[in-house]
Structures are given as structure tokens and as C-alpha cells.
Amino acid sequence: MIRVLIADDSAVVRAMVRQVMENDVRFEIAGEASNGEDAVRCNEKLSPDLIIMDINMPIMDGIEATKRILKTSSPAVVIFTTADSAAMGYRCIQAGALEVISKPDLSVITPGMMKLFCDRLAALGESHYASAAGRVPAAAFVPEGAKAGSRKSFSGCKCSEAESDEDAAASLPEDRPYLNPALPQTPGDYRILLAGASTGGPAALRQLLSGLGPSFPLPVLITQHIDSSFDTHFAGWLNESTGMHVEIAKEGTVPLRGRAYLAPADRHLIVRPFPENTAGCVIALSDEPPLHFLKPAVDRLFFSAADVFHSRILAVLLTGMGRDGADGCKRIVEAGGYTVAESARTCTVFGMPRAAIKCGAASAIVPLGLMPDFLRSRLGVKKYG
């Protein structure tokens, strides 16, 4: 059972969140706090697994409370805010918070909304036992020519007692990439990098883009499952904190190398062929129905890119609930492209990468801290800068 601390200066909000979570057997409400100072004190006393943290609180705000709490303990901190404070919320991720989620209108919440809200918090709460994104040691990069282990699944995997490739992938050490010998490993002439992420994705994308930097020789297109109206704040935060130019994707834009384009919160990001420009495509935004109940969906981006670029795609599937992106990875490898699934050791939630691995659609499994260098190795680029 996940022990929860609710920190919000509104007694009404605390009561509503408590009511929703007490109806779910996965949660136990350990306590409540009405300000950040109170939250720090309650964390020391109650040792919760999950803290739902408001930002704008008296005495001490949620940003400072998050910093103090995570200096001495490791609960999963989820920032609970409105669109007006979302920009501040993403600063909490730099302090170690896992996610920024919008405050729903709990007075009109439906059973479906309630389940989605609780599922998301449960996934984040359980993650406090795992290595947090950005805290994984960045051990020396192991090149693709590393000697394969005894298993027929991923090269170098010594998990011979694992019951399945999925179990083996979940238990891989965090100090090197693992390659799938069932898929081609020869570097190709790649033209675009795609990235898909969901729960825990903001911190993961920040680390990935910071490692790639503005000199990365491909355009980067990103679909991150994100709350409505938070996309602009998220793109702005990535732009300020990663060193790479990041912007919300716009219809008709020609993607430029060394820049990242983020799907807006209410449209699928896709690409269309455009041979007349050097990128070979233009960005398009689709208003098609949700896929996997998601809009934007990672699979929409991956499917469209496979149709345009075929074998000239690099794609990474990062932390997230569910299986969005797994079918897209399969389409990409069938077209001759290359897919990278984030290691279970560094994922906040292993659901999306696990699904890609399970269906044989991951060309490699790579810890997040090693991913920038690994991607450069696919392009023959040795160093950043």
C-alpha cells in the first residue's frame, strides 16, 4: 500500500483528494500538511511513499519544501498545480520531483477521470523504490562491439536464470547498453531522432536533451503525454534548462538539426514527406481521434515517420505507463530503423519500454544516463560539442 502525504493550503482540495484516494485500496493517507514547512515536518515524522505537493503555500512554498525533503529522504514528489503555476512546477523537477500534474476539478470528476488520476499517482508512488531519473551513475560507455553473453536475447545480458527476455531486460545492470542481436546493429544514414515519453518523462527528456546539446546533428521530435495547457510551460522549461532550442511544434515547420519540437497537448505530432527541403519532411499536426486514449500519441509520430523516413530513423522510448510507442517501435524496426528502449533501472515507470521490449521491437536497451553517447555512436559522433 502506498502511503500518501497531501500538502496543500486549501482544506477543500485536501479533503477532495483524500476522498478520491481513500476509495482506492492502493493508497493509505498518512497525513496532511497546509504549508511547505508542515510538509517537511510531516515527511520526517511519517515517511510517506508519495507526496502530493502544491506550489503556492504560505510560510514555505512547494519548491523549497521539495528541495528540503529530497535532501534527506526519497519519497516520490508529485507537483499538483494549475496552469498558472505550471512554469514554477517544472522547476521542482530540477529539485527532484518526478512529475507535474494539473489539479482536476474534483467537484465534477467522473469515475473514469478518477481512475486515471489514481493510476497515475500509483505508478509514481511505486517508483520511489526505483532509481530516480538523473540519479543513475553515468558509467563508462560500452561500445557496440562488446562481447555478447550467453543468452540469445540482448547482447551482454548474463541473466540466464530469467524467465523471459522481458524479465532479463528488467534486471540488466545500469552501466552499459544491451543490444538485440535479432535486429540489425549496423549504423545507418539517420535523418531524424524521435522521442516518446509519458509518466516521469519531463525529467527524462531534460536529461536526454541536455546530454545531446545544440550540436546534435539531427532534428528531435518529441511526443510527451502532457496535461492540457501545460505544453508551453514545459517547452519553455526544456528550452531554458537543456541548452537545446526547444519549441512547440507548428504546422508546416521544417525541422532543423540541433533543435527539438514538442507535440502540443491537444494534437498528434506527425511528419509529412517534403523532398524539396534538406530535412525531407515538414511537421504536421493531426486532429485525428486519440490513440490508446491519448492525444498526442507516440505511436502516431512513430508511424508517420516510418512511412516517410523508412530506415533513416532513430527513435527512443522513455519512461511511461501503458504501451504507447511499442507498436510504433515495431513499425520502425520493420522499416529498417533503429529503436532504443530506456532501461528498467532508470525508468520512473517501465511500462512503455517494457511493451516495446516484450514485442521484440527494441533494437537496444540503454540506461538514460548513457543514451546521449549511445545515440551519437549510432551517428559516428564521438563527443558532445
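Residues numbered from 1 in each chain as written. Predicted model: local features only at pLDDT ≥ 70, side-chain atom pairs only at ≥ 80, totals over all residues. Heavy atoms only, no water.

Explain the sheet that holds strand 1 (residues 2–7) residue by residue, including any values.
In space, the five strands of this open sheet follow the order 2-1-3-4-5, with parallel pairing throughout. Sheet topology places strand 2 (27–33) and strand 5 (99–102) at the edges, where each strand pairs with a single neighbour. Taken pair by pair, the neighbouring strands of this sheet meet at an average axis angle of 25°, ignoring direction. Of the strands in this sheet, strand 1, strand 2 and strand 3 (50–53) are in contact with helix 2 (residues 36–46), which crosses strand 2 at around 140°. Its contacts with the sheet place helix 3 (residues 62–72) against strand 3 and strand 4 (76–81), and it is angled at close to 160° to strand 3. (Pairing = 2+ DSSP bridges. Helix = DSSP H or I, 4+ residues; strand = E, 2+ residues; numbered from the N terminus. Axes fitted to C-alpha atoms, helices over the stretch in contact; angles between N-to-C directions. Contact = heavy atoms within 4.5 Å.)

An account of the packing of helix 4 (residues 86–94) against helix 8 (residues 231–242) is requested, with residue identities and associated values reported.
Direction vectors running N to C along helix 4 and helix 8 enclose 45°, while the axes themselves pass 9 Å from each other. The orientation of helix 4 with respect to helix 8, classified from their angle, is oblique. Crossing geometry of helix 4 relative to helix 8 is assigned as right-handed. Across from Ala 86, Ala 87, Tyr 90, Arg 91, Ile 93 and Gln 94 in helix 4, the residues of helix 8 making contact are His 233, Phe 234, Trp 237 and Ser 241. Split by residue class, the contact of helix 4 with helix 8 holds six nonpolar, three polar and one charged. (Parallel < 35°, antiparallel > 145°, perpendicular 65-115°, else oblique. Left-handed = near helix turned anticlockwise from the far one by under 90°. Nonpolar A, V, L, I, M, F, W, Y, C, P; charged D, E, K, R; others polar.)

Which residues make up the nonpolar core, and what values do they have?
In terms of nonpolar packing, the biggest core is built from 62 residues, with Met 53, Leu 193, Leu 209 and Leu 375 touching the most fellow members. Here the element with the most residues in this core is helix 7 (residues 201–212); it accounts for six residues. Here Leu 375 is in contact with Leu 193, Leu 208, Leu 212, Phe 216, Leu 314, Val 316 and Val 340, once residues within four sequence places are set aside. Counting residues in hydrophobic clusters, the runner-up holds 27 residues, among them Val 271, Leu 301, Ala 305 and Ala 361. (Core = buried A, V, L, I, M, F, W, Y, C linked by side-chain atoms within 4.5 Å. Buried < 20%, exposed > 50% of the residue type's maximum accessible area, 1.4 Å probe, protein only.)

Tell me about the packing of aromatic side chains, and name the residues and values.
Under the counting rule described, the total for this entry stands at five aromatic pairs. Between Tyr 90 and Phe 234, the ring centres sit 5.2 Å apart and the planes meet at 35°, which makes this aromatic pair tilted. Here Phe 234 lies in helix 8 and Tyr 90 lies in helix 4, a separation of 144 residues in the sequence. Phe 234 shares its class with Tyr 90; the two are buried. Taken together, a centroid distance of 6.2 Å and an interplanar angle of 35° make the contact between Tyr 338 and Phe 374 tilted. Taken together, the residues Tyr 338 in strand 14 (residues 338–342) and Phe 374 in helix 12 (residues 371–379) connect sequence positions 36 residues apart. No difference in accessibility class separates Tyr 338 from Phe 374, as the two residues are buried. (Phe/Tyr/Trp six-rings, centres within 6.5 Å; stacked < 30°, edge-to-face > 60°.)

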